[in-house]
Amino acid sequence: MACRFEIVLAALAALIAATPAMAQSAGGPDGIWMTQAGDAKIRVSRCGAGICGVVVWLKDPIDPATGKRQVDDKNPNPALAKRPIIGLSLFSAMRSAGPNRWSGRIYNADDGKTYASKISVTGPAALKVEGCVGALCGGEEWTRSSR
């Protein structure tokens, strides 16, 4: 009987030790992600109990209408409408909702609005990003970028 208990204990210890490795095999959220449209790269990193997402690259960093850097001009708050898109934080209150899943809020600079959001790592190079207004949700798949 003691031998079976030791086997079960050893198996349980191996499973507990493997859990972080299994989470890492999905790639985790940390890194640079290209948006589905290919027009921006977002650096996702852990911050506190959740994750943060900051714009680090734009395909078109210069606004053709003004000849100046892209700014958050769709933001309804005039004070925020002048901030640069590169360096803009997109996630707020993005907290763990399970293994490799988070929920919180996401800012959409394309329309200047913030939405309820769910983010999940769906593979080593895939991040599913969803935004919802009430029961209506839309989403896209971001791909891991080398930089």
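All values derive from a computational prediction rather than experimental measurement. (Residues numbered from 1 in each chain as written. Predicted model: local features only at pLDDT ≥ 70, side-chain atom pairs only at ≥ 80, totals over all residues. Heavy atoms only, no water.)

Caption draft 1: Spotlight on the nonpolar core. One finds Leu90, Phe91, Ile119 and Leu127 to be the most contacted residues of the largest nonpolar core, which totals 21 residues. For this core, the elements supplying multiple residues, two or more each, are strand E2 (40–47), strand E3 (50–58), strand E4 (91–98), strand E5 (101–108), strand E6 (113–123) and strand E7 (126–133). (Core = buried A, V, L, I, M, F, W, Y, C linked by side-chain atoms within 4.5 Å. Buried < 20%, exposed > 50% of the residue type's maximum accessible area, 1.4 Å probe, protein only. Helix = DSSP H or I, 4+ residues; strand = E, 2+ residues; numbered from the N terminus.)

Caption draft 2: Up close: the layout of surface pockets. Quantified by volume, the largest pocket comes out at close to 790 Å³. Taken together, 31 residues form the lining of the largest pocket, with Asp39, Tyr107, Asn108, Ala109 and Asp110 sitting closest to its centre. (1 Å grid on protein atoms, 1.4 Å probe; cavity = no way out; pocket = protein on both sides within 12 Å on 5 of 7 lines; lining within 4 Å. Points joined across faces, edges and corners; volume = space filled by probe spheres on them.)

Caption draft 3: Layout of the pattern of salt bridges. With the rule as written, the count across this model stands at three salt bridges. Between Arg83 and Asp72 there is a salt bridge, and its shortest N-O distance comes to 3.0 Å. With Arg83 in the loop between E3 and E4 and Asp72 in the loop between E3 and E4, this residue pair connects regions lying 11 residues apart in the sequence. Judged by its relative accessible area of 27%, Arg83 is partly exposed. By relative accessible area, Asp72 is classed as buried at 0%. (Salt bridge = Lys/Arg side-chain N within 4 Å of Asp/Glu carboxyl O.)

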